[in-house]
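An overview of the molecular structure
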Amino acid sequence: KLESRGSKVKAMVAHPGLAATELQATTVNSGGWDAGSANNFMQQAQSPEDGAAGIFRGIADPEARSGDFFGPPGKSWAGEAERIDVGAEPGLYDEAQMELLWAQSVKAVGGDIF
């Protein structure tokens, strides 16, 4: 939709890997994870700043393009953000899901500003 409108906005995805944020505390508090397991698992976590590397890569990489996905490589929980190939991910290009995401994004920003 952005391309068809001549927009220069790029839509990308980034994930933090395992970052030491309050997300895990929220999961424990809501009953989704026991505290002992969470504490042990979080020993592998990287800093929140390092977790933001995927976002920064998307912003600063001159070769980044719409549809790119950035984060720690492979099954890694931490590390330098890389462009991740998700082309074979089932359901990634599901039209209904893309329409739902677009509609919710428009709603979140208060209108179709693109």
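Residues numbered from 1 in each chain as written. Predicted model: local features only at pLDDT ≥ 70, side-chain atom pairs only at ≥ 80, totals over all residues. Heavy atoms only, no water.

Of the regular secondary structure elements, the chain holds 5 helices and 3 strands. The linear arrangement of helices and strands in the chain, starting from the amino end, is β-α-α-α-α-β-β-α. Over its C-alpha atoms the chain spans a radius of gyration of 17 Å, topping by over 25% the 13 Å that the globule rule assigns to 114 residues. For the chain, the spread of C-alpha atoms along the principal axes amounts to about 50 × 30 × 25 Å. (Helix = DSSP H or I, 4+ residues; strand = E, 2+ residues; numbered from the N terminus. Rg over C-alpha atoms; globule rule 2.2 N^0.38 Å.)

Another aspect to go through is a nonpolar patch on the surface. Together, Ile55, Phe56 and Ile59 make up an exposed nonpolar region whose accessible area comes to about 350 Å². Within the secondary structure layout, phenylalanine 56 lies in helix α4 (residues 53-60). Given the relative accessible area of 52%, phenylalanine 56 is considered exposed. (Patch = residues over 30% accessible without salt bridge, like charges linked within 9 Å, V, L, I, M, F, W, Y side chains within 5 Å. Areas by Shrake-Rupley, 256 points an atom, 1.4 Å probe, with all protein chains shown as cover. Salt bridge = Lys/Arg side-chain N within 4 Å of Asp/Glu carboxyl O. Buried < 20%, exposed > 50% of the residue type's maximum accessible area, 1.4 Å probe, protein only.)

Here we come to the sheet that holds strand β1 (residues 13-14). With mixed pairing, the 3 strands of this open sheet are ordered in space as β1-β2-β3. Every interior strand has two partners, whereas the edge strands, β1 and β3 (82-83), have only one. Relative to strand β2 (residues 69-71), β1 is paired through 2 bridges, and the arrangement is parallel. Following the sheet pairing, valine 13 is matched in β2 by phenylalanine 69. Set on the sheet, α4 makes contact with β1, β2 and β3; between it and β2 the angle comes to about 135°. (Pairing = 2+ DSSP bridges. Contact = heavy atoms within 4.5 Å. Axes fitted to C-alpha atoms, helices over the stretch in contact; angles between N-to-C directions.)

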